[in-house]
Amino acid sequence: GAGVSQSPSNKVTEKGKDVELRCDPISGHTALYWYRQSLGQGLEFLIYFQGNSAPDKSGLPSDRFSAERTGGSVSTLTIQRTQQEDSAVYLCASSLGLSSGRPLYEQYFGPGTRLTVT
Amino acid sequence: TQLLEQSPQFLSIQEGENLTVYCNSSSVFSSLQWYRQEPGEGPVLLVTVVTGGEVKKLKRLTFQFGDARKDSSLHITAAQPGDTGLYLCAGWFPNNNDMRFGAGTRLTVKP
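Computed from a prediction, not measured in an experiment: that's the story for all the values here.

Caption draft 1: Highlighting the overall build of chain A. The secondary structure content of chain A amounts to zero helices and twelve strands. Beginning at the N terminus, the succession of helices and strands in chain A can be written as β-β-β-β-β-β-β-β-β-β-β-β. In summary, chain A has a C-alpha radius of gyration of 13 Å against a globular reference of 13 Å for 118 residues, a match within 12%. Overall size of chain A, expressed as C-alpha extent along the three principal axes, is 40 × 30 × 30 Å. Within chain A, the proportion of its 118 residues that are buried is 47%. Considering only contacts in chain A between residues 6 or more positions apart, those separated by 24 or more positions represent 57%. When the accessible area of chain A is evaluated, it comes to approximately 5,500 Å², of which 45% is carbon and sulfur surface. For chain A, the distance from the average position of its 11 positive side-chain charges to the average position of its 11 negative side-chain charges is 1 Å.

In structure tokens, the structure reads:
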């Protein structure tokens, strides 16, 4: 079946605008994760969902960031009033399940959304 | 501050050479994973190690988990240009209840 898909693949926005990033996980995967990867850096864990719920939102960089997941499938990451430091690749991953936030089984990553804030 | 330190940050070698990259932390991992990431793509899982002292082999790649579960290494034998990519280690830290990634080792294998 299809892998994890993300849209858009690239997004250029002006500082102060809101953006919405979308992730379609692999069908049947109950766990979904958002990460951010800045140039030359490793991945920064942002938030995970078990079904529709996100038990811990402390990884989100600021209150301008929010995420939701509906129907146990698609997730959206919203960044309000974007800043230049938000420029990065935003990666989504899904897995069959998790236990206390720890991924069970392999995480499958999408190709990411490259966000550029000008 | 990175919880996971990877070294070297960059590595450029000739085809056929051997190499080792390292992943170290002052914290104990519940489990550790190695990923390879190519430009424009998400990381792809290579291996998961769970038990201290564990050694796993995947063709020309050998992964080792330290006895104390604070460090890991990835050894590639007879590197090929297709091995070029960003190698990331990631550990699950139970105290933080999240997964942390190292900054990666960017490997270039020249033909």
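Caption draft 2: Seen up close, the interface of chain B and chain A. On the side of chain A, 18 residues touch chain B, which itself brings 20 residues to the contact. Note on chain B versus chain A: buried area summed over both sides is about 1,500 Å², and carbon and sulfur give 53% of it. Applying the counting rule to chain B against chain A returns zero salt bridges. Scanning the region where chain B abuts chain A turns up two residue pairs in polar contact (both at pLDDT 80 or more). At the level of elements, β4 (31-37), β9 (85-93) and β10 (98-101) of chain B are the ones that each hand at least two residues to the side of chain B that touches chain A. Per element, the largest residue contribution to the side of chain B that touches chain A is four residues, and it comes from β4 of chain B. Across the side of chain B that touches chain A, the residue classes tally to nine nonpolar, nine polar and two charged.

Caption draft 3: The arrangement of the sheet that holds strand β3 (residues 19-24) of chain B in detail. All names here are of chain B. The five strands lie next to each other as β1-β3-β8-β7-β6, forming an open sheet whose pairing is antiparallel. Every other strand in the sheet has two partners, leaving β1 (5-7) and β6 (55-58) as the edge strands with one partner each. The average angle at which neighbouring strand axes cross in this sheet is 15°, direction not considered.

Caption draft 4: Representation of the state of the cysteines in the model. All names here are of chain A. What the rule picks out here adds up to two disulfides over all chains. One disulfide bridge connects C23 with C92, the sulfur atoms lying 1.8 Å from each other. Its torsion about the S-S bond being -65°, the disulfide of C23 and C92 is classed as left-handed. Highlighted residues: C23 in strand β3 (residues 19-24) and C92 in strand β8 (residues 88-95), separated in sequence by 69 residues. The pair formed by C23 and C92 is uniform in burial state, with each residue classed as buried.

What counts as what
- Residue indices begin from 1 for each chain and proceed along its sequence in written order.
- As a convention, the first chain written is A and the first ligand written is 1, with the rest following in written order.
- Residue-level local features of this predicted model are given only where pLDDT is at least 70; pairs of side-chain atoms are given and counted only at 80 or more, and the full residue set underlies all totals for whole chains, interfaces and linings.
- Hydrogens are left out, water is left out, and the side-chain values use all remaining heavy atoms of the structure.
- Helix and strand assignments come from DSSP, with helices taken as H or I runs of at least 4 residues and strands as E runs of at least 2, each series counted from the N terminus.
- The globule rule used here is 2.2 Å times the number of residues to the 0.38 power, and the radius of gyration it is set against is calculated over C-alpha atoms.
- Only protein chains enter the accessibility calculation, which uses a 1.4 Å probe; a residue whose area is less than 20% of its type maximum is buried, one above 50% is exposed, and one in between is partly exposed.
- Should any heavy atoms of two residues lie within 4.5 Å, those residues are considered in contact.
- For the area figures, the Shrake-Rupley method with a 1.4 Å probe applies, and any residue is considered shielded solely by the protein chains shown.
- In this tally, Asp and Glu contribute negative charge and Lys and Arg positive charge; neither His nor the terminal groups of the chain are included.
- Just so you know, the charge point we use is NZ for Lys, CZ for Arg, CG for Asp and CD for Glu.
- Buried surface area refers to the total accessible area, computed with a probe of radius 1.4 Å, that the two partners give up upon joining, counted for both partners together.
- Put simply, a salt bridge is a Lys or Arg side-chain nitrogen that is within 4 Å of an Asp or Glu carboxyl oxygen.
- The term polar contact refers here to a pair of N or O atoms within 3.5 Å; inside protein, the definition further demands a hydrogen-donor-capable atom paired with an acceptor-capable atom, and it admits residues adjacent in sequence only when both atoms are side-chain atoms.
- Throughout, the ten residues Ala, Val, Leu, Ile, Met, Phe, Trp, Tyr, Cys and Pro are labelled nonpolar, Asp, Glu, Lys and Arg are labelled charged, and all others, Gly among them, are labelled polar.
- One bridge is not enough; two strands pair if DSSP finds at least two bridges between them.
- Geometry is summarised by axes, namely lines fitted to C-alpha atoms with helices restricted to the contacting stretch, and by angles between N-to-C directions that run from 0 to 180 degrees.
- A pair of cysteine sulfur atoms is labelled a disulfide when the two atoms are within 2.5 Å.

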